[in-house]
Amino acid sequence: MKKWFTLLLLPFVLLFSSYTASAADDITGHYFEKDMRKLIELGFLKGEVINGETYYKPNRDVTRAEFAAFLVRVLEAQNLEVINPKHFSDVKENAWYYRVVQQAAEMNIVNGTPDGKFLPDAPISREAMASMMNGAFEYKGIKLPEAELKFADSSKVQSWAALSVKRMVYAKIIAGYGDNTFRPSEYATRGTTSAFLVRMIDVLKNPPKPPVPNFYLAKVTKDTTTNIREYETYNEAKAAATDADHVVLKDNKVVYMKSGVVSPAQVQPLASVLYKTSGFGDHYYSLVAGTETEFLDAGETWVKVKFNNTIGYFKMNEATLHPTVKLKGASYFKAEDGKLTHYTYNVNTDTYGAFWYGSSGTLPNGTYKSKDGHSFSGNGNVYNMYQYFNVMPLYTKTSYTAEQLNDFVRMNKPESAADNTILENLGHAFKNVEEKYNVNAMYLLAHAIHESGWGTSRLAIEKKNLFGIRATDGSAYESGDTFKSYEACIEVLVKEYLLDPTSSYFIQGWKANGEVVGDKELGMNVRYASDPYWGQKIAGYMYRIDKYLGEKERNQYGISVTLTEEVNVRSDATANASRLYSIPLAGTPVLVLDRVTSKTNEGTWLQIAPKNLNGANYEKTFVYSHGGPYGTLIRDLPLAP
């Protein structure tokens, strides 16, 4: 991800010309001369020199890009480092305003249109200007009070700008006209913009005292929320919330409840970070918007939640609290005639998605609850079983040929992919990479199916990007990498994202949690994808491939997991044998090829599939299991039959 931008030579633009005012120019005697002179003095407003004369054109409309640049300068943020560049389809890297628009976006001052544009050259309206200035104040930590809008055309202020207009009117930065109109959609000239900015600078220097925050104790039912009492502080309101149906509101948002579900972010496809502490330092991972997490507690700035077995914290402004009484649905699993389907519920949008996870095993037909995908409760019973392909180490080769992999795609792709032949011709590419790097070809195909929509995504077709490499939430096509060929894309995924020790999801490092697709506590899914069910979905496709091709691989071997950190892998079934490598994390699955009784009376050992990655070529590998002097280091996983 880019963290800096090249300083571009700017074109002939009024905003950034390096000439100063002459004794008499086109703003002499102008209504806004004083304000414009002030900005000129500060170096924020500069003119265009034509034939030796400087022109400031006070009556010319200001563009959205120009106003973004004004705000960057007013905030003295010209050197702000952009960590997360935002993609606007009409803001190109070679445009003079690219840097300032990105800086304004980094400060959350500007947003794009619903279709991903910024409209940099469009004249800016008064209400849009108010919105951007309000964003600038909020970036500085200043929340202005709100005025009641009493203009004759107040109803014409669009909903997205209403709060900002109220704040700018209260601060007397933007005023109405003599006929008691605000004219929200009217464009702002360079003269009026100068007046607004001068007033803004004064307010930034002497901001009004922040209003006393209003917290409300409220009572919630399935259909209503009723305010009971107002409090000045969060803690007072929280202490008063003693009943099961009590919540605390701030700006009509639930900021405390007795029980319920907390979802990351507000809308799709955004995600929120789950931090380890309420101080938002180190973090666990990101979760996509709408994911159900269990509410535990909340403070004014944080929400404490539990997801599976992980307890962490969301920032309050990046989470939505849903009281239990208002919940309309929940995720569940359905066992039906040997098939296990996961129905996932998006609590933000009140919608369900579904995917085939694997075998229902010993589960009787019916619906089940499960937070982790292997412990299921229903019908008064609890069942524990793992899906083989969700925990199978991916440094194992598939027995299926390139032609068989192609045949699966050809015969099983959905109607929406009927005319697309990308994946049904890549079997040899997957197998070649498997042979070269020892990463399972069936997994690679399943990964590509999921990320590319069976090869139909625009990213896959136009950029030959099968795996969403460098694609970010909300702008997958624009941010995703382009490859010369599909074969090159497959190789980059394996070489740079799975096996590179500096950034790998396989090799030990901050991203690596085991060489399985896994979930949010194990394997690639911990940090590869913000979708907590990404690993289940990949495993589901692997299950389908294996089932279609004759079920030759599922449960072919047993799978066990380590119970402690740094379990040694040796060349023979004895502690005296050479140590080949160690398994760093507890809970890491290994593929069991055989069980061996130690010849040196050291209990039961397991012969496991060797992790032959990055040039390693171990012939046989063994780990101590149990029954000897070292305790129990490994346990078997119950696999769905």
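Reading the values: the criteria
- Per-chain numbering applies: the sequence of each chain, read as written, is numbered from 1 onward.
- In keeping with the predicted nature of the model, local features appear solely for residues at pLDDT of at least 70, side-chain atom pairs appear and are counted solely at 80 or more, and the whole-chain, interface and lining totals rest on all residues.
- The side-chain numbers reported here are obtained from all heavy atoms of the structure, hydrogens and water having been left aside.
- In short, DSSP must find at least two bridges between two strands for them to pair.
- For helices the rule is a DSSP run of H or I covering at least 4 residues; for strands it is a run of E covering at least 2, with both sets numbered from the N terminus onward.
- For helices, the fitted axis covers only the stretch in contact; all axes are lines through C-alpha atoms, and the angles between them, taken along N-to-C directions, range from 0 to 180 degrees.
- Any pair of residues with heavy atoms lying within 4.5 Å of one another is described as a contacting pair.
- We define a polar contact as two N or O atoms separated by no more than 3.5 Å, with the added condition that, inside protein, one atom must be a possible hydrogen donor and the other a possible acceptor, whereas residues neighbouring each other in sequence contribute only through side-chain atom pairs.
- A side-chain nitrogen of Lys or Arg and a carboxyl oxygen of Asp or Glu constitute a salt bridge if their distance falls within 4 Å.
- Working definition: with a 1.4 Å probe on protein chains only, accessible area under 20% of the residue-type maximum means buried, over 50% means exposed, and in between means partly exposed.
- For a helix, the expected span equals 1.5 Å multiplied by the residue count minus one.
- Nonpolar cores are built from buried Ala, Val, Leu, Ile, Met, Phe, Trp, Tyr and Cys residues. Side-chain atoms within 4.5 Å join them into one set.
- Residues are said to line a cavity or pocket when one of their atoms sits within 4 Å of a point; the points come from a 1 Å grid over protein atoms alone, cavities being sets where a 1.4 Å probe fits but cannot get out and pockets being open sets with protein on both sides within 12 Å along at least five of seven lines.
- Grid points are joined across faces, edges and corners, and a volume is the space filled by probe spheres set on the points.
- For this scheme, ten residues count as nonpolar: Ala, Val, Leu, Ile, Met, Phe, Trp, Tyr, Cys and Pro. Four count as charged, namely Asp, Glu, Lys and Arg, and the remainder, Gly too, count as polar.

Student: It is not clear to me how the sheet that holds strand β17 (residues 366–368) should be interpreted in this structure. Could you clarify?
Tutor: Pairing between the strands of a sheet comes from backbone hydrogen bonds, and it takes one of two forms, parallel or antiparallel. With antiparallel pairing, the four strands of this open sheet are ordered in space as β16-β15-β14-β17. For this open sheet the edge positions go to β16 (351–359) and β17, each flanked by a neighbour on one side alone. Each strand axis lies, on average, 25° off the axis of its neighbour in the sheet, ignoring direction. Across five bridges, the pairing between strand β14 (residues 332–336) and strand β15 (residues 339–346) is antiparallel. Within β15, the residue paired with Lys-334 across the bridge is Thr-341. Each of β14, β15 and β16 touches helix α15 (residues 534–548); the most contacted strand, β16, lies at about 45° to it.

Student: What exactly am I supposed to notice about the side chain of Ser-582 here?
Tutor: Here Ser-582 shows up in strand β22 (residues 579–583). Engagement of the side chain of Ser-582 in a polar contact is seen with the side chain of Glu-566, the distance being 2.7 Å. For Ser-582, the side chain forms a polar contact with the side chain of Arg-579, separated by 3.2 Å.

Student: I'm lost on the pattern of salt bridges in this one. Help?
Tutor: Pairing is possible between side chains of opposite charge, provided their charged atoms come close. Summed over the entire model, instances satisfying the criterion amount to 23 salt bridges. Glu-33 is paired through a salt bridge with Arg-37; the nearest N and O atoms lie 3.2 Å apart. Here the residue Glu-33 and the residue Arg-37 both occupy positions in helix α1 (residues 33–42), the gap between them amounting to four residues, near one helical turn. Residue classification places Glu-33 among the partly exposed positions, given a relative accessible area of 22%. With relative accessibility at 24%, the residue Arg-37 sits in the partly exposed group. In this structure, Asp-179 and Arg-183 form a salt bridge, with 3.2 Å as the shortest nitrogen-oxygen distance.

Student: Is there a simple way to think about α15 in this case?
Tutor: Note: α-helices contain 3.6 residues per turn, so residues at a spacing of three or four share the same orientation. Between its first and last C-alpha, α15 extends 22 Å over 15 residues, near the 21 Å set by a 1.5 Å rise per residue. Most of α15 sits out of view: twelve of its 15 residues are buried. Within the sequence span of α15, burial applies to Trp-534, Gly-535, Gln-536, Lys-537, Ile-538, Ala-539, Gly-540, Tyr-541, Met-542, Tyr-543, Ile-545 and Asp-546. Just downstream of α15 lies Gly-550, where phi reads positive at about 110°.

Student: Help me understand the environment of Trp-160 in this model?
Tutor: One can find Trp-160 in helix α5 (residues 159–170). By relative accessible area, Trp-160 is classed as partly exposed at 46%. Not counting residues within four places of it along the chain, the set of residues in contact with Trp-160 comprises Glu-127, Ala-128 and Ser-131. Here Gln-158 takes part through its side chain, which lies 3.2 Å from a polar atom of the side chain of Trp-160.

Student: Can you walk me through the pairing of β15 in this structure?
Tutor: For a regular strand, side chains alternate in direction, first toward one face of the sheet and then toward the other. Within β15, six of the eight residues are buried, which leaves it mostly tucked inside the rest of the structure. Between the end of β14 and the start of β15, which pair antiparallel, lie two residues, with Asp-337 showing a positive phi angle near 50°. In this structure, β15 lies alongside β16, joined through eight bridges in antiparallel fashion. Along β16, the bridge assignment pairs Asn-346 with Thr-351. Between β15 and β16, which pair antiparallel in sequence order, lie four residues; one of them, Asp-350, sits at a positive phi of approximately 55°.

Student: Looking at this structure, I do not really get the sheet that holds strand β4 (residues 225–231). What am I missing?
Tutor: The four strands are arranged β4-β3-β5-β6 in an open sheet whose pairing can be described as antiparallel. Each end of this open sheet is capped by a strand with a single partner; those strands are β4 and β6 (253–257). Mean inter-strand twist for the sheet, computed between neighbouring axes without regard to direction, equals 35°. Here strand β5 (residues 246–250) runs beside β6; their pairing, made up of four bridges, is antiparallel. Residue Val-248 lies in a different strand from β6, and its bridge partner there is Tyr-256.

Student: Can you walk me through the nonpolar core in this structure?
Tutor: Within soluble globular proteins, side chains that are nonpolar generally end up buried alongside one another. Among the nonpolar cores identified, the biggest contains 105 residues, and Phe-430, Val-439, Tyr-443, Leu-466 and Phe-467 are the most heavily contacted of them. Contact partners of Tyr-443, with chain neighbours within four places excluded, come to Leu-394, Leu-493, Leu-498, Val-517, Met-524, Ile-538 and Met-542. Among the nonpolar cores identified, the runner-up in size contains 65 residues, and Phe-44, Val-72, Trp-96 and Ala-195 belong to it.

Student: Would you take a moment to explain the layout of surface pockets for this structure?
Tutor: In this structure, the second largest pocket occupies an estimated 500 Å³ of space. Contributing to the lining of the second largest pocket are 23 residues, with Glu-292, Ala-330, Ser-331, Ser-370 and Lys-371 lying nearest its centre. Elements with a minimum of two residues in the lining of the second largest pocket: β7 (260–264), β10 (293–298), β11 (302–307) and β15. Considered class by class, the residues forming the lining of the second largest pocket number eight nonpolar, nine polar and six charged.

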